[in-house]
Amino acid sequence: MLNIRSIVAALAACLLLGVAAPARADPLSIADFVEGPTLGSASLSPSGRYLMWIVRTGDESAIHIRDLEEGGVRIIGGASAREHFGGIYVSWIRWKTDDRLLVGMTRLELRRVGGSETGRVRSYVFGQSVLSIARDGSEMVSLKAPGTGDAEPGEVLDTLRDEPDHILMTYRDVWGGLNVARVHILTGEAEKVVDGHTRVLDYITDRTGSVVGRIAYRGSTGRILLMEARNADGGWSEVYRLRRDEVRNLPDYEFLSPTAEPGKIFVSVRPDAAEGESTSGVHVFDFATRTMGPTIWRHERYDVSGIVIDADTSELLAGCYWEDIYRCDFSDRSEDAVMIGIRRFFGEGWSVSVVSQARDGSRWLVHASAPNNPGEYYIFDVDRRHMDFVGSVYPRLAEPLLGSMQRVDYAAHDGQPLFGYLTRPPGAAADASLPLVVMPHGGPEVRDVMTYDQLAQFLATRGYQVFQPNFRGSSGLGKAFAEAGYRQWGGLMQDDVTAGVEHLVAEGLADPGQVCIMGASYGGYAALQGGAAQGDLYRCVISISGPSDLVSIMRWERSQAGADSDRYDYWVKSIGDPRTDRDRMEAASPIRRAADWRPPVLLIHGGEDDVVPVSQSRDMDRALRRAGKDVRLVVLEGEGHSDWSTRNNTILLTEIEAFLGRHLPAARPVTPAVAAAPAAP
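Attention in this report is confined to the structure presented alongside it. Worth saying up front: this structure is predicted, and the values here are computed from it rather than measured. (Residues numbered from 1 in each chain as written. Predicted model: local features only at pLDDT ≥ 70, side-chain atom pairs only at ≥ 80, totals over all residues. Heavy atoms only, no water.)

Quick word on the packing of aromatic side chains
- According to the stated counting rule, one finds 24 aromatic pairs in the structure shown.
- Seen in terms of ring centroids, F33 and F458 are 5.5 Å apart; in terms of plane orientation they differ by 85 degrees. Their pairing is edge-to-face. Here F33 is found in helix α2 (residues 30-34), whereas its partner F458 is found in helix α4 (residues 454-461), with 425 residues between them in sequence.
- On the basis of relative accessibility, which here comes to 3%, the residue F33 falls in the buried class.
- Given the relative accessible area of 0%, F458 is considered buried.
- For the ring pair F330 and W364, a centre distance of 5.8 Å and an interplane angle of 15 degrees mean the geometry is stacked. (Phe/Tyr/Trp six-rings, centres within 6.5 Å; stacked < 30°, edge-to-face > 60°. Helix = DSSP H or I, 4+ residues; strand = E, 2+ residues; numbered from the N terminus. Buried < 20%, exposed > 50% of the residue type's maximum accessible area, 1.4 Å probe, protein only.)

Here you go:
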């Protein structure tokens, strides 16, 4: 369905710039999908008068600053970098004051054997710098911590909103200690204010810019992480500890933002059983007393995903969460009415978040996205109730060329209410039964939402419909729903995926024999398990970085983290204990069913994956080949678990398209001629 709002905004912006909006009737290519964002890091200056963002075109990147009152755009500098050989990157930009900005630059130059894009790296040059620059691009000052010379300059810890000429930076001294310095942005003069230690990883500041906490590790192995509060005498006291390798895997505790009160921080906390609640909520942690306050915001059905803070007072304005779309509920009725009006402007199915605000609240920079729109920026004038289009993050991915997404509610075999999302090709008739690709998410403690998904949209443009179920074990829906998936690999979680497919068939949206299953990480496991246990349901299987043997993956986890680590303990809770659950885990391991395997399989894995070792796919490939089955293994050398290079993402999509074309052919949808949305000028 055409979105008139976006098309009008795109045409208006092109006319304003004196540029004709190019029409395209060709389908989106793989290059369109893997291309990086054109526009990024947008933010308003403290007064709200100026808008700043990074524009990337090809190998070039530059900083653009627009005067929202008098008009005009100033372009600062320009950096050039090629993906396989490196160069100079604009890493990040931040406002210090209306007249001054901070810029992070990275230099990475690679020399490859034979000068080839795929050649082994022979040598490299790497460096980073932090610059202070006037708004007109003049008066450039390199900011370094005291005594570091040409060494790494460290990172900006706090912009010190109430001190116009200073910021706080962290830096490593010659002994490896992480210190904090107060740096003058006009002269570059620096003074150490916190003497660190080699075991310190990061610091936490409050609204006044005072260092109130730090994250450090303990012991020679560095496995235990400590969160420590700073005492009045400058010493440190432990607040809590956890295993260092569990920051990613245990999402129970997250710092959100400083509060209006010195020494206090907004945090997101998952409830424990004694609280009688299931969803994570917003609390205030007091570093001075080392106490956690009561819940000040919580949604009864969805975990908190973020908050909106008053740019001037640092007071909590709204709690945010993923329903189907991203929503922020404001406590003040007038502000909530503003957000309701903004959402009404975009219409149903759009997620809107507040990126930054003027300190007086007069202007909001908002980011809006939808399943068929990867993202756009807008300026909202609160007094005028007026929305101005800034630019599209991915201008080549025009809405009419992408598929539509709808929520699908269904019930599990045991009656548990479940839901997922069905993406259909652009222009597909409502009653059309099309080849279906089931795509369970990774994690498994993450969830799918109603937003742009690269793989789902790529497949939709190739004529497939894509189903993304939120099975038990998914996060975002409360602790109880997430923990319902514990030790259910190959059990209830897999049954929930199957129930979704059966529901689509019963509703006439999918045909038996016209279904493949594909996933990455845990989703890759679910795809393999679907092929192993339900070869009659799935016509083909694609596993990306997926485990195939639950016993061996747990053996690997134990070797990596240690039997007494929180990381290993978490995976024991999630998958099972090989000492007591070995039979069940072997029965739920796809590799054990190679002899009876039926559907063809595509395995894709990063050669340097440190989350799921590539041996999981290599062993699966070997087992299927020995059994005489149809299998193809693609190992992307040098790649990790995710965030692959443009080249390897191109290989990924090329392999998927070719594999599905052989085993689940689909007719490409007719592509309309549309005007591509512009990026910001």
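From this point, things continue past the structure.
With respect to the packing of helix α8 (residues 550-561) against helix α10 (residues 578-587)
- In contact at an axis separation of 9 Å, α8 and α10 are set at 145 degrees when each is read in the N-to-C sense. For the pair α8 and α10, the contacting residues are L550, V551, M554 and R555 in the first and P578, R582, M585 and E586 in the second.
- Among the residues forming the contact of α8 with α10, the class breakdown is five nonpolar, no polar and three charged. (Axes fitted to C-alpha atoms, helices over the stretch in contact; angles between N-to-C directions. Contact = heavy atoms within 4.5 Å. Nonpolar A, V, L, I, M, F, W, Y, C, P; charged D, E, K, R; others polar.)

So, the sheet that holds strand β22 (residues 304-309)
- Within the open sheet, the three strands sit side by side as β22-β23-β24. Their pairing is antiparallel. Of all the strands in the sheet, the pair left with one neighbour each is β22 and β24 (326-330). Taking the axes of each pair of neighbouring strands and ignoring which way they run, one obtains an average angle of 25 degrees across the sheet.
- Here five bridges tie β22 to strand β23 (residues 316-322), and the two strands are oriented antiparallel to one another. Paired with I309 across the bridge in β23 is L316.
- Across the sheet, helix α3 (residues 333-346) is in contact with β23 and β24; its angle to β24 comes to roughly 155 degrees. (Pairing = 2+ DSSP bridges.)

Examining the state of the cysteines
- With the rule as written, the count across this model stands at two disulfides.
- Residue C320 pairs covalently with C328 via a disulfide, S to S 2.1 Å. Measuring handedness by torsion sign, the sulfur bridge of C320 and C328 sits at about 105 degrees and is right-handed. There is no split in this pair, since C320 and C328 are both buried.
- Between the sulfur atoms of C516 and its disulfide mate C540 the distance is 1.9 Å. Every disulfide takes its handedness from the sign of the S-S torsion; for C516 and C540 that torsion is 110 degrees, giving right-handed. One end of the pair, C516, is in strand β33 (residues 515-520); the other, C540, is in the loop between α7 (522-533) and β34 (541-544), with 24 residues separating them in the sequence.
- You can call C516 buried: its relative accessible area is 1%.
- Under the relative-accessibility criterion, C540 is labelled buried at 0%.
- Regarding the disulfides, the protein chain carries the connectivity 1-2, 3-4 under sequence-order numbering of its bonded cysteines. (Disulfide = S-S within 2.5 Å.)

Some points on the pairing of strand β36 (residues 631-636)
- Bridging between strand β35 (residues 601-606) and β36 involves six bridges; their strand directions are parallel. Along β36, the bridge assignment pairs V601 with V631.
- Taken together, β35, helix α11 (residues 615-626) and β36 form a β-α-β motif whose crossover is right-handed. (Right-handed = clockwise from strand over helix to strand, strands pointing away.)

A look at the sheet that holds strand β12 (residues 178-184)
- Sheet architecture is open: four strands sit in the order β10-β11-β12-β13, paired in antiparallel fashion. Sheet topology places β10 (155-158) and β13 (190-194) at the edges, where each strand pairs with a single neighbour. Strand after strand, the sheet turns through a mean of 40 degrees between neighbouring axes, direction not considered.
- Strand direction decides the pairing type here: β10 and strand β11 (residues 166-172), joined by three bridges, are antiparallel. Opposite D158, over in β11, you have L168 as the bridge partner.

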